[in-house]
Amino acid sequence: ITNLVSMDIAANALLAAGASPAMLHCLREVPDFTPRCDAVYVNVGTLSEDWLPSMRAAASAGRPWVLDPVAAAASEFRMEACLSLLALRPAVVRGNASEILALASRSAAASSTFKGVDSSHDSGDALQAAKALAQSTGAVIAVSGAVDYITDGEQVAGAGNGVALMQKITATGCAVTALITAFVAVEPSDALVAAACALAVFGLAGEIGMESAKGPASLRMHLIDALYCLDEQTVTSRVKISLQS
Ligand SMILES: Nc1ncnc2c1ncn2[C@@H]1O[C@H](COP(=O)(O)OP(=O)(O)OP(=O)(O)O)[C@@H](O)[C@H]1O
Ligand SMILES: Cc1ncsc1CCO
Ligand SMILES: [Mg+2]
């Protein structure tokens, strides 16, 4: 269940990576459909009062699930929605630094530099907040940025792949959270590894895509092509993941 802006890029990124996406958000379909999913993705980017019950039902269906708290500090309603979803035990939460800082401080007003769906902080600024949030929620917290940080509250992994121009394509963050969900479906017992690998692989696809891109629109196309064409040799030789502690 993802936002209206991200549906296309998220579904195409998942297909290119070998997953099988389906976007449904009708509450009456959730009980039939969700048990058949290997993992569930909930993204609040275009939240509405109608969608929140569907999100809560899908997150409660007993499948491993992943939360993208897009613009968590946009409003009281959105912050409360994110906090109520966090209580439903996501395996992973992936946000940009501003989103993770806002969630960790649990207040829509706390983020004075908040401007919307884009981050106004570097990922490193949110590392301590991510660790605290991981400890208080039991979720793996991933903060995207120049270096993506992934933590379970004890261990911290850094994923260094990616290109800055990815920030100029809307919903690349939403797409990488979708990819994390697919990786969690494959590796449900190690969400830290799943999230770190998905972020590194998506960043690597961005690096390879950048070799042919002329700007954000062509990078979007080449990134999806690169994701589709990745092979094991390229992944193992170019992925940059390090354990920080
Ligand atoms: N400065 C950067 N250098 C390299 N890669 C980056 C940089 N900033 C972001 N990325 C990568 O871009 C992708 C999207 O991350 P970003 O932090 O922009 O997400 P976001 O703000 O949630 O995006 P959106 O809300 O548009 O979906 C991630 O794969 C991340 O690793
Ligand atoms: C631009 C935008 N607005 C709500 S969700 C979204 C996609 C990036 O998060
Ligand atoms: Mg985002």
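So, here's what we can say about the structure. (Residues numbered from 1 in each chain as written. Chains lettered and ligands numbered in written order. Predicted model: local features only at pLDDT ≥ 70, side-chain atom pairs only at ≥ 80, totals over all residues. Heavy atoms only, no water.)

1. Describing the sheet that holds strand S2 (residues 65–68)
Next, step 1: Spatially, the seven strands line up as an open sheet ordered S1-S2-S3-S4-S5-S6-S7, and their pairing is mixed. At either end of the open sheet lies a strand with only one pairing partner, and these are strand S1 (40–43) and strand S7 (241–243). When strand polarity is set aside, the average angle formed by the axes of neighbouring strands in this sheet is 20 degrees.
Next, step 2: Here strand S5 (residues 148–151) pairs with strand S6 (residues 156–159) via four bridges, running antiparallel. When the bridges of S6 are listed, Ile 150 appears paired with Ala 157. (Pairing = 2+ DSSP bridges. Helix = DSSP H or I, 4+ residues; strand = E, 2+ residues; numbered from the N terminus. Axes fitted to C-alpha atoms, helices over the stretch in contact; angles between N-to-C directions.)

2. Description of the site of ligand 2
Next, step 1: Near ligand 2 the following residues occur: Asn 3, Val 5, Gly 45, Val 70, Val 117, Thr 170, Ala 171 and Cys 174.
Next, step 2: Compared with its free state, where it exposes 280 Å², ligand 2 has 75% of that area covered by protein.
Next, step 3: Taken together, the residues that form the shell around ligand 2 break down as five nonpolar, three polar and no charged. (Near = heavy atom within 4 Å. Areas by Shrake-Rupley, 256 points an atom, 1.4 Å probe, with all protein chains shown as cover. Nonpolar A, V, L, I, M, F, W, Y, C, P; charged D, E, K, R; others polar.)

3. With respect to the nonpolar core
Most often, soluble globular proteins keep nonpolar side chains buried together rather than apart.
Next, step 1: Residues Val 92, Val 140, Ile 150, Ile 180, Leu 199, Phe 202 and Leu 227 are the most contacted members of the largest nonpolar core, which totals 46 residues.
Next, step 2: Those elements that place two or more of their residues in this core are helix H1 (7–17), strand S4 (140–144), S6, helix H7 (172–186), helix H8 (191–210) and helix H9 (216–229).
Next, step 3: Sorting elements by how many residues they give to this core places H8 first, with 13 residues.
Next, step 4: Excluding anything up to four places from it in sequence, Ile 150 contacts Val 140, Ile 141, Ala 142, Gln 155, Val 156, Ala 157, Ala 159, Leu 192, Ala 195, Ala 196 and Leu 199. (Core = buried A, V, L, I, M, F, W, Y, C linked by side-chain atoms within 4.5 Å. Buried < 20%, exposed > 50% of the residue type's maximum accessible area, 1.4 Å probe, protein only. Contact = heavy atoms within 4.5 Å.)

4. Examining the state of the cysteines
Next, step 1: Applying the stated rule across the entire model yields zero disulfides.
Next, step 2: With no disulfide of its own, Cys 37 has Cys 26 as its nearest cysteine by sulfur position, at a separation of 14 Å.
Next, step 3: You can see Cys 174 has no disulfide; the closest cysteine sulfur is in Cys 82, sitting 12 Å from it. (Disulfide = S-S within 2.5 Å.)

5. Section: the site of ligand 1
Next, step 1: Inspection of the region around ligand 1 gives 17 residues, with Asn 96, Ser 144, Asp 148, Gly 173 and Cys 174 positioned closest.
Next, step 2: The side chain of Ser 144 places a nitrogen or oxygen atom 2.7 Å from an oxygen atom of ligand 1.
Next, step 3: Contact between ligand 1 and Cys 174: an oxygen atom at 2.9 Å from a main-chain N or O atom of the residue.
Next, step 4: Going through the elements one at a time, strand S3 (92–96) and H7 are the ones with two or more residues in the shell around ligand 1.
Next, step 5: If you tally residues by element for the shell around ligand 1, the top one is H7, at three residues.
Next, step 6: For the shell around ligand 1, a count of residues per class yields eight nonpolar, seven polar and two charged. (Polar contact = N/O pair within 3.5 Å; in protein donor to acceptor, adjacent residues only side chain to side chain.)

6. Examining helix H6 (residues 127–137)
Next, step 1: Turning to H6, its buried residues are Leu 127, Ala 129, Ala 130, Leu 133, Ala 134 and Thr 137. Projected down its long axis, H6 carries its buried residues within an arc of 155 degrees, all on one side. Turned more than 90 degrees off the buried face of H6, the exposed positions are Gln 128, Gln 135 and Ser 136.
Next, step 2: The inward-facing, buried residues of H6 contact helix H4 (76–86), helix H5 (97–105), S4, S5 and S6.
Next, step 3: Backbone geometry just downstream of H6 places Gly 138 in the positive-phi region, at approximately 80 degrees. (Arc of directions from axis to C-beta.)

7. Description of the pattern of salt bridges
Next, step 1: Per the counting criterion, the structure on display carries four salt bridges.
Next, step 2: What you see here is one network of salt bridges that share partners, running through Glu 207, Glu 211 and Arg 238. (Salt bridge = Lys/Arg side-chain N within 4 Å of Asp/Glu carboxyl O.)

8. What about a negative patch on the surface?
Next, step 1: Residues Asp 152, Glu 154, Glu 187 and Asp 190 make up a contiguous surface patch of negative charge.
Next, step 2: By the element assignment, Glu 154 lies in the loop between S5 and S6.
Next, step 3: On the basis of relative accessibility, which here comes to 57%, the residue Glu 154 falls in the exposed class. (Patch = residues over 30% accessible without salt bridge, like charges linked within 9 Å, V, L, I, M, F, W, Y side chains within 5 Å. Lys, Arg positive; Asp, Glu negative; His and termini not counted. Charge placed at Lys NZ, Arg CZ, Asp CG, Glu CD.)

9. Section: the side chain of Ser 54
Next, step 1: Position of Ser 54 among the secondary structure elements: in helix H3 (residues 51–59).
Next, step 2: A residue is classified by how much of its surface remains accessible, and Ser 54, at 0% relative accessible area, is buried.
Next, step 3: Here the side chain of Ser 54 touches His 25 through a polar contact of 2.9 Å, landing on its backbone oxygen.
Next, step 4: Ignoring any residue separated from it by four or fewer positions in sequence, one finds Ser 54 in contact with Ile 1, His 25, Cys 26, Leu 27 and Val 30.

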